[in-house]
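# Examining the three-dimensional arrangement
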There are 2 protein chains.
Amino acid sequence: MNKLLTALLGLSSGLLVSVLFFSDVGRQNARASTPDGELASAAQKVYVPHGKKDEYYLFSSGGHSGQLFVYGVPSMRQIRIVPVFSQDAATGYGFDDASKKMMGGYTWGDFHHPAISETAGDYDGQFLFANDVANNRIAAVDLSLFHTTDILKMPNMGGPHAAVFVTPNTEYIVAPTRFARPLGDEYAPLDKYKEKYKGVVTMIQFDRAKKKLNLAYQIVLPPWSYDLSDAGKKMSDGWVVMTTYNTEFATTNLEINASQKDRDYIVMVNWKKLEQEVAAGKANTVNGVKMIDPRDVEGAIYAIPVAKSPHGVDVTPDGTRFVASGKLAPLMTVFSFQKAFDAIAKKDFVANEFGIPVLKYESVMEREVDPPGALGPLHTQFDDRGNAFNTMFISSEVVKWKLDTGEVIDRQPVFYSPGHATAAEGDTAAPDGTYLITGNKIAKDSFLGVGPSHPESLDLFDISGDKMQHLMSVPIPPEPHYSQMVKADKIKPKLIYDKDETRPDSVWKADDARIERKGSEVHVYGVAMRSKFIFDAKAERKDSFTVNQGDRVFLHITNIDLDQDITHGLEVMDYNLNFEIQPGQTSTLSFTADKSGVFPIYCTNFCSALHQEMSGHLLVQPK
Amino acid sequence: MNKLLTALLGLSSGLLVSVLFFSDVGRQNARASTPDGELASAAQKVYVPHGKKDEYYLFSSGGHSGQLFVYGVPSMRQIRIVPVFSQDAATGYGFDDASKKMMGGYTWGDFHHPAISETAGDYDGQFLFANDVANNRIAAVDLSLFHTTDILKMPNMGGPHAAVFVTPNTEYIVAPTRFARPLGDEYAPLDKYKEKYKGVVTMIQFDRAKKKLNLAYQIVLPPWSYDLSDAGKKMSDGWVVMTTYNTEFATTNLEINASQKDRDYIVMVNWKKLEQEVAAGKANTVNGVKMIDPRDVEGAIYAIPVAKSPHGVDVTPDGTRFVASGKLAPLMTVFSFQKAFDAIAKKDFVANEFGIPVLKYESVMEREVDPPGALGPLHTQFDDRGNAFNTMFISSEVVKWKLDTGEVIDRQPVFYSPGHATAAEGDTAAPDGTYLITGNKIAKDSFLGVGPSHPESLDLFDISGDKMQHLMSVPIPPEPHYSQMVKADKIKPKLIYDKDETRPDSVWKADDARIERKGSEVHVYGVAMRSKFIFDAKAERKDSFTVNQGDRVFLHITNIDLDQDITHGLEVMDYNLNFEIQPGQTSTLSFTADKSGVFPIYCTNFCSALHQEMSGHLLVQPK
């Protein structure tokens, strides 16, 4: 065990906080002595008055909230929480039939890394993909409606932490697993770890017209932990790079046991080659899914040693290099794709691990960057002028350095313990170099106290000058991991759902509202409009309906107010039911009327001056 | 039907948006011509740099999200979403056994009006009470932990919209119902509305030591809709005032049918008198609850005519008056408690409605305030200098006027359609007169677009001068109704849970972690600490455990990291399970291990540099 690890373990079991608090003192003093002019300048830069709009959207993962957080930059105002993996009472997500079915019986997820769909290596703003590390799912969010449009459950996986990253034309959404598990949901004791447990990468395709995710194939790998990944672009297009940890095959106390070796690996996989092999029928079928072992395919997989227990790996905008950071080694390493290709051509291998040829570190490494005292490097972002930005979890700072020389240009404190950072248009082939945002894990004394668990936070920096300027800190719900920042004009939100008269179960005229009974099924084809519900146009009370106890009730409701922002909600009292219907949308919610009595129905989403009057009754006649 | 109503109905069925857009034009131009100096001043006023804290907490209802939103003022940064009525994946609320049981089978609520506990008419900052209009519940939030501590389900109720408001020493939490329903969950057709349907007010007491809500008694009333309420204070202490609508007894198309009469009522109830009667055994028992009819008690209830379809009613800080606003009449009415008491003494009644003596409007009314063109007055707030502030839903503005004279002092645009407003320390006997925040229903073009449904928004005003200064607009998730703004130093958050070694199921030393099996029940008494779980101190792999398929598993986990902000989370892969354990907390989560296989367990809440290594396995042996 090296000295740094010993130090870290000490920190991690209690001293960390003290050290951080100690570091604060200097930082608070620094801040206290910040010239007033700089704070005044920051205040002006983040202020977006009414009548003006933010320059960028920030799409932040919501971590174990399971949701997508949408912010405006530079005001850092949270504009929307889009429900993705978790139930959401506000929008009825997980309550209405379609979203409930899409969620597949799950009510939460652990969303780490968003990826906006790309065309020619540029964010095209159409869709955003999300991973659920906990329940092995991938979701697609439609960025015209800001709705989740599909969720795919993946078999054989152990938590797609290293997901999702898209290839430059969204050919694939790449999802490598974090924990090795026996394939096919089988049981195998941990003593059989090396033989029976596998690492898996899922390659997913997305059909933009149908808005559907499809599992293309899986790649089976040694039982290492795949932590983060990125896709090559331009000269490295066709390759995916992934960091690994626990190449020690530890099965307990990973804090110690997965930190034994001085080096773990970057795994390089050639997905274009594997795609051809799968197309040629070279894959097996495991648990209903095509699976290929890249070790059976010449030139499809290589490993590169990297400083121990790496976390992030990020490909440079021009696709020539990738930077990996070892969280237990205080340095960033720049690797060259060209050097890797040359070493592969020369078969310059130093070992073979589990059937994977291992390249020589020195042959692929271009540069090590090791700023003095900068501890816990996690992730790298880029600007448009050849600079890289690294978050330092332990020393709570961002380090700016020159990619071509390793020269450190600036270091700025972060409040506190940053994980990922996000640069404007940062994953594209042409980053903007305007703003950088860090996603911080420990807020401590930054905001008014809210009990023993503090919020997470984001720090916004202006990175347009040589020195970074800290603009503001904002709290954020648990828990931001990666995020993406995209130019506002790339997103084209729809203001109203299309009036599609052929849509199943839709009703577009109040007079067409009707109730159809099929045995114990009651189908209500109704409308919501300012300021009333109409469930049955022919009834004496059009806004109420009566069923028998035990009936299965289907509410098919269309919002016929085709005006932006006129969303209606519909609740059924004491039945634990609520869903929303956006302008022009049709939603269905079904339930069993198992309680007899009278249950007021009302609009839950303030819609007009007479919103409070928008109500009716469900009457359930006792058996 | 009067002209205004006709106009409103026209607006509400389509023209409203056009009118609002039309109004915008002027407003946007106004904003465009705002002197730069004013915007620069606003930017400085809302900017709270790192190292400084906000001056106030804003506790906003989350509407149909069911949750409590906590903001800092003046930065308007959202610091926390506290789960109250709805499941919350981020914190595991509704997943762990204790919160799941407290929620009583419901997974969402519709939270409209928070009320901070009061002592001598002042916010004491200890607890906050919340209403669920949809499922007839009241919750208490502990403001030292920012956790929901109790939820009470109320029988006989039809949606406690006019809740919650506390009496000056939190003797009672008052919850009047919005929809009349048959008592005791009975079925009765709508034709029997006047005989069988009842309005009910629930009077709840709160035990601060036990942190428990108790239903004291209920008050049965005519089947009107009780919309909002407030408690008297000082000279009016002992009284509650409530607005009513639908005194027409309409049972369908309330938009038209509940807007027929020119006047609805303010109902005044003397809770001190009713309390005595209940203590004297004068109540009946209905559905297990003590219920009293105030019409049987001399001097306990009166009605006062008020401009049609009123919404808000707010008692002045000195307790001498209350202001009610008719949403279908463009005016605010100031009523005098003293005048009401005098009229009662003189038995100056003009009618008797459903057994309730009706006072003469002119005898109780002190002043009508009718600013030209100000439409849709909803709610009134107060400052420390005798001024009142009214939100105007339709004309999208705040009107400031002098309570003693009715003189209009200032009008400022709001973006757009404000519902409630909240003044700093606004419900206390001594408001601060510093900030006012409106909760707006229609954001339209205020922020970057997020699809057909826009966020709601808050507008912050500096009200310390004669003219109000608009400082900023911020988006907010659906849906803020009322909120309260309290001085930051009144809230005393705990930083760590008490280390209570007598707490059931807690384990405080890693060596004491153990597993106890009782037939098919497996109890894991474990600890979470940086950076590992220990489930069984005696096992070879302390961070994993094995059960048989079908076993019922209880995870009792104590977080023994007694450092602020070091929260751990625990998920069980593919089992749809996640919960959090805050520093020093013990939480229990139980589930049936119905799927066999290997299920990674990991910490979901980033806790240290080796957080990623904090993991283990659940192994489920197949049957």
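These numbers were taken from a predicted model, which means no experiment stands behind them. (Residues numbered from 1 in each chain as written. Chains lettered and ligands numbered in written order. Predicted model: local features only at pLDDT ≥ 70, side-chain atom pairs only at ≥ 80, totals over all residues. Heavy atoms only, no water.)

### What about the overall build of chain A?
- The number of helices and strands found in chain A is eight helices and 43 strands.
- A compact globule built from 623 residues should have a C-alpha radius of gyration of about 25 Å, and chain A, at 27 Å, falls within 12% of that.
- Put simply, chain A has 623 residues, and 70% of those count as buried.
- The contacts in chain A between residues at least 6 apart in sequence include a share of 60% that link residues at least 24 apart.
- Accessible surface, chain A: about 18,700 Å² in total, of which carbon and sulfur atoms supply 50%. (Helix = DSSP H or I, 4+ residues; strand = E, 2+ residues; numbered from the N terminus. Rg over C-alpha atoms; globule rule 2.2 N^0.38 Å. Buried < 20%, exposed > 50% of the residue type's maximum accessible area, 1.4 Å probe, protein only. Contact = heavy atoms within 4.5 Å. Areas by Shrake-Rupley, 256 points an atom, 1.4 Å probe, with all protein chains shown as cover.)

### A few points about the interface of chain B and chain A
- Contacts between the two partners involve 159 residues from chain B and, on the opposite side, 158 residues from chain A.
- Across the chain B/chain A interface, buried area totals approximately 13,400 Å², and carbon plus sulfur atoms make up 57% of it.
- Taken together, the links from chain B to chain A amount to ten salt bridges.
- The shortest N-O distance in the salt bridge between aspartate 574 of chain B and arginine 181 of chain A comes to 2.9 Å. (Buried area = accessible area lost by both parts, 1.4 Å probe. Salt bridge = Lys/Arg side-chain N within 4 Å of Asp/Glu carboxyl O.)

### Thoughts on the UniProt feature "domain: Cytochrome oxidase subunit II copper A binding" (unreviewed entry) in chain A
- According to UniProt, the positions carrying the feature "domain: Cytochrome oxidase subunit II copper A binding" (unreviewed entry) are residues 519–623 of chain A.
- As a span, residues 519–623 of chain A carries 0% helix and 52% strand, and end to end its C-alpha atoms are 15 Å apart. (UniProt positions renumbered as here; feature names shortened; annotations may be inferred.)

### Things to note about the packing of aromatic side chains
- Taken as a whole and judged by the stated rule, the model has 52 aromatic pairs over all chains.
- Ring centres of tyrosine 575 of chain B and phenylalanine 591 of chain B lie 5.4 Å apart, and the angle between their planes is 55°; this geometry places the pair in the tilted category. Here tyrosine 575 of chain B is found in the loop between strand 39 (568–572) and strand 40 (577–581), whereas its partner phenylalanine 591 of chain B is found in strand 41 (residues 586–592), with 16 residues between them in sequence.
- The exposure class of tyrosine 575 of chain B is buried, given its relative accessible area of 9%.
- Through pairs of rings, three or more aromatic residues link up here, namely Trp239, Tyr302, Phe322, Phe335, Phe337, Phe341, Phe349 and Tyr361 of chain A.
- Just above the ring of tyrosine 361 of chain A sits the side chain of arginine 263 of chain A; from NZ or CZ to the centre is 4.0 Å. (Phe/Tyr/Trp six-rings, centres within 6.5 Å; stacked < 30°, edge-to-face > 60°. Lys NZ or Arg CZ within 6 Å of the ring centre and 35° of its normal.)

### Points about the pattern of salt bridges
Residue and element names in this part refer to chain A.
- Inspection of the entire model under this criterion finds 66 salt bridges over all chains.
- Measuring nitrogen to oxygen at the nearest pair gives 2.6 Å for the salt bridge that ties aspartate 142 to lysine 211. You can see aspartate 142 sitting in strand 6 (residues 137–142) and its partner lysine 211 sitting in the loop between strand 11 (197–207) and strand 12 (212–221), a full 69 residues away along the chain.
- With a relative accessible area of 3%, aspartate 142 lands in the buried category.
- The salt bridge involving glutamate 397 is made with arginine 411; its shortest N-O contact spans 2.8 Å. Placement of the pair is glutamate 397 in strand 27 (residues 397–402) and arginine 411 in strand 28 (residues 408–413), with a sequence separation of 14 residues.
- Through salt bridges with shared partners, a single ionic network connects Arg321, Glu366, Arg367 and Asp404.

### Examining the sheet that holds strand 1 (residues 56–61) of chain A
Residue and element names in this part refer to chain A.
- Spatial strand order, 3-2-1-33: four strands in an open sheet with antiparallel pairing. Every interior strand has two partners, whereas the edge strands, strand 3 (77–82) and strand 33 (483–487), have only one. With direction set aside, neighbouring strand axes in the sheet form an average angle of 25°.
- Taken together, the six bridges between strand 1 and strand 2 (residues 68–73) define a ladder with antiparallel strand orientation. Within strand 2, the residue paired with leucine 58 across the bridge is tyrosine 71. (Pairing = 2+ DSSP bridges. Axes fitted to C-alpha atoms, helices over the stretch in contact; angles between N-to-C directions.)

### Here we look at the relation of the copies chain B and chain A
- Once turned by 180° and shifted 0.0 Å along the axis, chain B lies on chain A with an RMSD of 0.0 Å. The superposition of one copy onto the other is thereby described by a two-fold rotation axis. The rotation axis passes nearest to the C-alpha of alanine 43 of chain B in chain B, at a distance of 2.9 Å.
- Comparing contact sets, 99% of the residues at the interface of chain B also lie at the interface in chain A, consistent with an isologous, same-surface contact. (Least-squares fit on C-alpha atoms with pLDDT ≥ 70 in both.)

### Observations concerning the sheet that holds strand 29 (residues 418–423) of chain B
All names here are of chain B.
- Pairing is antiparallel across the open sheet formed by four strands, whose spatial order is 29-30-31-32. Edge strands, defined here as strands with exactly one partner in the open sheet, are strand 29 and strand 32 (469–476). Recorded for the sheet is a direction-independent mean angle of 20° between the axes of neighbouring strands.
- Where strand 31 (residues 456–462) meets strand 32, seven bridges bridge the pair, whose relative direction is antiparallel. Pairing of serine 457 across the sheet is with proline 475, part of strand 32.
- Packed onto the sheet, helix 2 (residues 36–46) meets strand 31 and strand 32 and runs at close to 60° relative to strand 32.

### Some thoughts on the confidence of the model for chain A
Residue and element names in this part refer to chain A.
- Residue-level pLDDT values for chain A average 93, and 94% of them are 70 or greater.
- Note on residues 1–33: pLDDT is under 50 here. Beyond four places in sequence and across chains, it has 57 contacts.
- For this predicted complex, the interface confidence score (ipTM) comes to 0.94, while the overall pTM stands at 0.95. (pLDDT = per-residue confidence, 0-100.)

### Things to note about empty space enclosed by the protein
- Taken as a whole, the largest cavity spans an internal volume of roughly 450 Å³.
- Lining of the largest cavity is provided by 30 residues; of these, Ile81 and Asp88 of chain A together with Gln67, Ile81 and Asp88 of chain B occupy positions nearest its centre.
- Counting residues per element, the ones that place at least two in the lining of the largest cavity are strand 3 of chain A together with strand 3 (77–82) of chain B.
- If you tally residues by element for the lining of the largest cavity, the top one is strand 3 of chain B, at four residues.
- A breakdown of the residues in the lining of the largest cavity according to their chemical character gives 14 nonpolar, twelve polar and four charged.
- Computed from the structure, the second largest cavity encloses a volume of approximately 360 Å³.
- Every residue lining the second largest cavity is counted, 27 residues in all, and those nearest its centre are Met76 and Arg77 of chain A together with Ser75, Met76 and Arg77 of chain B.
- Of all the secondary structure elements, the ones that give two or more residues to the lining of the second largest cavity are helix 2 (36–46), strand 3 and strand 32 (469–476) of chain A together with helix 2, strand 3 and strand 32 of chain B.
- Ranked by the residues each element gives to the lining of the second largest cavity, the list is headed by strand 32 of chain A, at four residues. (1 Å grid on protein atoms, 1.4 Å probe; cavity = no way out; pocket = protein on both sides within 12 Å on 5 of 7 lines; lining within 4 Å. Points joined across faces, edges and corners; volume = space filled by probe spheres on them. Nonpolar A, V, L, I, M, F, W, Y, C, P; charged D, E, K, R; others polar.)

### Considering the packing of helix 2 of chain A against helix 2 of chain B
- One can describe the packing of helix 2 of chain A onto helix 2 of chain B by two numbers: an axis separation of 9 Å at closest approach and a directional angle of 105°. Here helix 2 of chain A lies roughly perpendicular to helix 2 of chain B, going by the angle between them. Together, Ala40, Ala43 and Gln44 of chain A of helix 2 of chain A and Ala40, Ala43 and Gln44 of chain B of helix 2 of chain B make up the contact between the two elements. (Parallel < 35°, antiparallel > 145°, perpendicular 65-115°, else oblique.)

### Observations regarding unusual backbone geometry
- Of the consecutive residues valine 73 of chain A and proline 74 of chain A, the connecting peptide bond is found in the cis state with omega at 20°.
- Among the secondary structure elements, proline 74 of chain A is positioned in the loop between strand 2 and strand 3.
- Residue tyrosine 416 of chain B is reached from phenylalanine 415 of chain B by a cis peptide bond, and omega for that bond is -10°.
- Mapped onto the secondary structure, tyrosine 416 of chain B falls in the loop between strand 28 (408–413) and strand 29.

### Some remarks on the state of the cysteines
- Scanning the model with the defined rule gives zero disulfides over all chains in all.
- In this structure cysteine 607 of chain A is a free cysteine whose sulfur lies 4.0 Å from that of cysteine 603 of chain A, the closest cysteine sulfur available. (Disulfide = S-S within 2.5 Å.)

### A short note on the pairing of strand 2 of chain A
Residues and elements named next belong to chain A.
- With six of six residues buried, strand 2 is to be regarded as a mostly interior element.
- Along strand 2, one buried face is formed by Leu68, Val70 and Gly72 and the opposite face, lined by Phe69, Tyr71 and Val73, is buried too.
- Once strand 1 ends, the chain turns through six residues before running back antiparallel as strand 2, passing glycine 63 with a positive phi of about 55°.
- Here strand 2 pairs with strand 3 via five bridges, running antiparallel. For phenylalanine 69, the partnering residue across the bridge sits in strand 3 and is isoleucine 81.

### Looking at the nonpolar core
- Among the nonpolar cores identified, the biggest contains 44 residues, and Val73 and Leu460 of chain A together with Val73 and Leu460 of chain B are the most heavily contacted of them.
- Those residues within four positions of leucine 460 of chain A in sequence are excluded, and the remaining contacts are Val46, Val73, Pro74, Met76, Tyr435, Leu436, Ile437, Gln469, His470, Leu471 and Met472 of chain A. (Core = buried A, V, L, I, M, F, W, Y, C linked by side-chain atoms within 4.5 Å.)

### A few points about the domain arrangement of chain A
All names here are of chain A.
- Per the domain assignment, the segments making up chain A are domain 1 (56–490) and domain 2 (510–621).
- One C-alpha centre belongs to domain 1, the other to domain 2, and the line joining them spans 43 Å.
- Counting from both sides, the interface comprises eight residues of domain 1 and, opposite them, ten residues of domain 2.
- Across the domain 1/domain 2 interface, buried area totals approximately 750 Å², and carbon plus sulfur atoms make up 39% of it.
- Counting across the interface, domain 1 meets domain 2 through five residue pairs in polar contact (both at pLDDT 80 or more).
- Here the residues of the side of domain 1 that touches domain 2 are counted per class, giving three nonpolar, three polar and two charged. (Domains from an automatic or database assignment. Polar contact = N/O pair within 3.5 Å; in protein donor to acceptor, adjacent residues only side chain to side chain.)

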